Amino acid sequence: MNIEAIKSIYFFEMARTRRTLLQSVVSPVISTSLYFIVFGAAIGARIQEINGVSYGAFITPGLIMLTLLTQCIGNGSFGIYFPKFTGTIYEVLSSPVSMIEIVLGYVGAAATKGLMIGTIILLTASLFVDLSIAHPLAMIFFFVLTAVSFSLFGFIIGIWAKDFEQLNLIPMLVIPPLVFLGGSFYSIDMLPPFWQAVSHFNPVLYLISGFRWSFFEVSDVNPVVSGVIILAFLSICLSVLAWIFRTGYRLRN
């Protein structure tokens, strides 16, 4: 294992965050704070508790997941797409660095950025609502595994994308609706039976539900099922990446 190569890619990607601090850190924090002000304070004051949890606290895991998913996918996709766009990816591919080391460097940096911003959002949320974490280890499990899984997913999108429009297609048009419809602002028990059944086909529901359970022991689905779904998604991403590196899909042409 070439540790120096991994560190070089990792720290190069992390340095990009420092150069774009307003866009990378300040912007998502301000956006999430506005969600807390509008939904937590203004609307939450008119909504009763959900499953014994105040509305402002109830939406916190969903808002953290919304930020975590969009940031991890965005950082993971842009990290590999930009070298493709500029042509510097060929220098990386021709260097004595294995594909595993390339993935560890890029995906590790994307996951780290997502975890950093997610942690800042969590600390910011504590300024607006009273938060308690019933199962810290479970929270860390869902937090870290989601960051890694969706950073891998973003990495795949970055390889697949041919232009900036495709690069932003899934992070901007697919992920936010899935998060909003995945129980981030409500419990699916509040929906009619038909829409409850439909909601179970939304994979993001399991992420938010498991993450929320780690805070309040309240969930729409079994937290064990949520953990299995995340592990299954991680396995799928790893399998797709293995195929991409084996075939050279959109990397060697």
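Keep in mind the model is a prediction, meaning the values are calculated, not measured.

A. Region of the structure containing the layout of surface pockets. Each pocket or cavity is described by its volume, and for the second largest pocket that value is around 300 Å³. Forming the boundary of the second largest pocket are 17 residues, of which Phe-12, Glu-13, Pro-83, Thr-88 and Tyr-106 lie nearest the centre. When contributions to the lining of the second largest pocket are tallied by element, the ones reaching two or more residues are helix 1 (3-19) and helix 4 (60-86). With seven residues, the top contributor of residues to the lining of the second largest pocket is helix 1. Split into classes, the residues belonging to the lining of the second largest pocket amount to nine nonpolar, five polar and three charged.

B. Spotlight on the environment of Ser-33. Mapped onto the fold, Ser-33 is located in helix 2 (residues 21-43). Ser-33 sits in the buried class, given a relative accessible area of 15%. Spatially, the C-alpha atom of Ser-33 lies 8.1 Å from that of Ile-121, the residues being 88 residues apart in sequence. Those residues in contact with Ser-33 that sit more than four places away from it in its chain are Thr-124 and Phe-128.

C. Broad picture of the pattern of salt bridges. A complete count under the given rule lists one salt bridge for this structure. Here Glu-4 makes a salt bridge to Lys-7, at a shortest N to O gap of 3.6 Å. You can see Glu-4 and its partner Lys-7 sitting in helix 1, three residues apart, about one turn around the helix.

D. Just the packing of aromatic side chains, in detail. In this structure the tally under the stated criterion is 18 aromatic pairs. Summarising the aromatic geometry, the rings of Tyr-81 and Phe-164 are spaced 5.1 Å apart at their centres and angled 75° between planes, so their arrangement reads as edge-to-face. Within this pair, whereas Tyr-81 is found in helix 4, its partner Phe-164 is found in helix 8 (residues 164-173), the two being separated by 83 residues in sequence. In this structure Tyr-81 comes out as buried when scored by relative accessible area, which is 4%. With relative accessibility at 36%, the residue Phe-164 sits in the partly exposed group. Ring centres of Phe-211 and Phe-215 lie 5.1 Å apart, and the angle between their planes is 75°; on these two criteria the pair is classed as edge-to-face. Within this pair, Phe-211 and its partner Phe-215 are both found in helix 11 (residues 203-216), separated by four residues, close to a single helical turn. Judged by relative accessible area, which is 1%, Phe-211 ranks as buried. An aromatic cluster of three or more residues is present, and its members are Phe-78, Tyr-81, Phe-82, Phe-85 and Phe-164. The lysine or arginine in question, Arg-212, covers the ring of Phe-58, its NZ or CZ lying 3.8 Å from the ring centre.

Conventions adopted
- Residues numbered from 1 in each chain as written.
- Predicted model: local features only at pLDDT ≥ 70, side-chain atom pairs only at ≥ 80, totals over all residues.
- Heavy atoms only, no water.
- 1 Å grid on protein atoms, 1.4 Å probe; cavity = no way out; pocket = protein on both sides within 12 Å on 5 of 7 lines; lining within 4 Å.
- Points joined across faces, edges and corners; volume = space filled by probe spheres on them.
- Helix = DSSP H or I, 4+ residues; strand = E, 2+ residues; numbered from the N terminus.
- Nonpolar A, V, L, I, M, F, W, Y, C, P; charged D, E, K, R; others polar.
- Buried < 20%, exposed > 50% of the residue type's maximum accessible area, 1.4 Å probe, protein only.
- Contact = heavy atoms within 4.5 Å.
- Salt bridge = Lys/Arg side-chain N within 4 Å of Asp/Glu carboxyl O.
- Phe/Tyr/Trp six-rings, centres within 6.5 Å; stacked < 30°, edge-to-face > 60°.
- Lys NZ or Arg CZ within 6 Å of the ring centre and 35° of its normal.

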